[in-house]
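# Geometric and topological summary
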Amino acid sequence: MNTQLSRLVSLLKGSGVGLLVVLVSGITLATEVACQGSRLRRLPGVAVVAGPSPPVYVTSILGIQVPLAVGVAPDGSRLYVAEGEGDRTVRVIDLSNQAPLGTLSPPGTEPGTRKPMGVAVAPSGVVYVVDRLPSVVALYSPAGQWLGTLADPPQVSGAWQPLGVAVNAEGKVYVTNGSVRGRAVAGYDVQGRFVSAYGTISEGAATGVSYPAGMALGQNGNMFVSDSNHSRIAVLNQEGDIVASYGGSVGNESLALPRGIFIDRRGFLYVTDAPSHIVKVWDASQEPAKYLFSFGEPGSADGQLLYPNAVAVDSRGRIYVTDTGNDRIQIWAY
């Protein structure tokens, strides 16, 4: 195993084997263009079979050092990518031409003192960034100005380690806890004031979640949490109780190490399964959620993935996947 994959295995931890059902076919020639230090590889659409159609690979933004998280502006104009190595900053990319617009980093910090691992963008355009080293959630204005940090939940007694972040349509913020104990999720209002805590961190799947790497918010108010160490998606209601779970250990729906999670406007739930090198999709607009398909496969070619860690979808339905092991962002579309 080369050095890059060794550090990714250490970073993402866990192992598993994914089952891929190929649903796409047909490849056309790719072209590349230079983009201020990053390369953009384009590949026109490919055909899909009938039925619930998975997205097709469109393009990649290259030259991102170990991308760990991704967020997209509500209007689809900007992409925010958290780099796990190198400058360890959040890159801002103009999606109209893939040009870099700058970076987001807390003032007075250096790469060795920060590590962004979660990104979410509010309807107002405010950007929330989880920084794992100082264990804070930083806020940035749409113009990139640092606005401070969210307050820790009260009475956490050292058991608060923010990990994933999500924002609902009203602008309320939810942050998952990467600690080994305490509450699983903290909720904040649109002004950033703590409101409530939900769920429990637990080694037992029956009583809680363990290492909730990311979360997404359902249309009915439920919280979908990537319960990484239990190899599943856990669904929490507003009381913090686990009311459903998805993944399991066998079949197409199985998950080895779920990381990134996102629910789009249609109610489609996207989950990156890091060691299986694919993205799995459920229809979460119905209860129980219905498994639809997966996309991607292991590798380094166009449309292939290595340790995908996060996913986001813009208002047009374009899907952005952090292809962590290949140092790039992949873009897919229906």
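Here goes a summary of the coordinates provided. (Residues numbered from 1 in each chain as written. Predicted model: local features only at pLDDT ≥ 70, side-chain atom pairs only at ≥ 80, totals over all residues. Heavy atoms only, no water.)

## Details of the environment of Pro-111
We count it as follows: Under the scheme used here, helices are H or I runs from DSSP no shorter than 4 residues and strands are E runs no shorter than 2 residues, and both carry numbers assigned from the N terminus. To sort residues, take the accessible area from a 1.4 Å probe on protein chains only and compare it with the maximum for the residue type: under 20% means buried, over 50% means exposed, and anything in between is partly exposed. The criterion used for residue contact is that any of the two residues' heavy atoms lie within 4.5 Å.
Mapped onto the elements, Pro-111 comes out in the loop between strand S9 (99-104) and strand S10 (116-121). According to the relative accessible area criterion, Pro-111 is partly exposed, its value standing at 32%. Here the alpha-carbon distance between Pro-111 and Thr-89, two residues 22 residues apart in the chain, equals 7.4 Å. Beyond its immediate sequence surroundings of up to four residues, Pro-111 is in contact with Gly-86, Asp-87 and Arg-88.

## Some points on the sheet that holds strand S15 (residues 173-177)
Note the following rule: For two strands to be treated as a pair, DSSP must find at least two bridges joining them. Axes here mean lines fitted to C-alpha atoms, for a helix over just the part in contact, with angles spanning 0 to 180 degrees between N-to-C directions.
Strand order across the open sheet formed by 4 strands is S14-S15-S16-S17, with antiparallel pairing between neighbours. With partners counted over all chains shown, the strands left at the sheet margins are strand S14 (162-167) and strand S17 (194-200), one partner each. The average undirected angle you get between the axes of adjacent strands in this sheet is 20°.

## Some remarks on the pattern of salt bridges
What counts is decided by this rule: The salt bridge definition used is simple: a Lys or Arg side-chain nitrogen within 4 Å of an Asp or Glu carboxyl oxygen.
Per the stated rule, a full pass over the model turns up 7 salt bridges. When the shortest N-O distance is used, the salt bridge between Arg-328 and Asp-323 registers 2.5 Å. You'll find Arg-328 and Asp-323 in the same group, each marked buried.

## Let's talk about unusual backbone geometry
At the junction of Glu-287 and Pro-288, the peptide bond is cis and its omega measures out at -5° in the coordinates. One can find Pro-288 in the loop between strand S24 (278-283) and strand S25 (290-295). Notably, Gln-98 is not glycine yet its phi reads approximately 60°, a positive angle. Take Gln-98: it is sitting in the loop between strand S8 (90-94) and S9.

## Side note on the packing of aromatic side chains
Under the convention used in this document: Pairing of aromatic side chains requires ring centres within 6.5 Å, counting the rings of Phe and Tyr and the six-membered ring of Trp. Pairs whose planes differ by under 30 degrees are stacked, by over 60 edge-to-face, and all others tilted.
Applying the stated criterion to the full structure yields 5 aromatic pairs. Taking the centre distance of 5.9 Å and the plane angle of 80° together, the rings of Tyr-188 and Phe-194 count as edge-to-face. Given a relative accessible area of 2%, Tyr-188 falls into the buried group. Consider the rings of Phe-295 and Trp-332, whose centres lie 4.7 Å apart with planes at 50°: the pair is tilted.

Remember, this is a structural readout, not a statement about activity or role.
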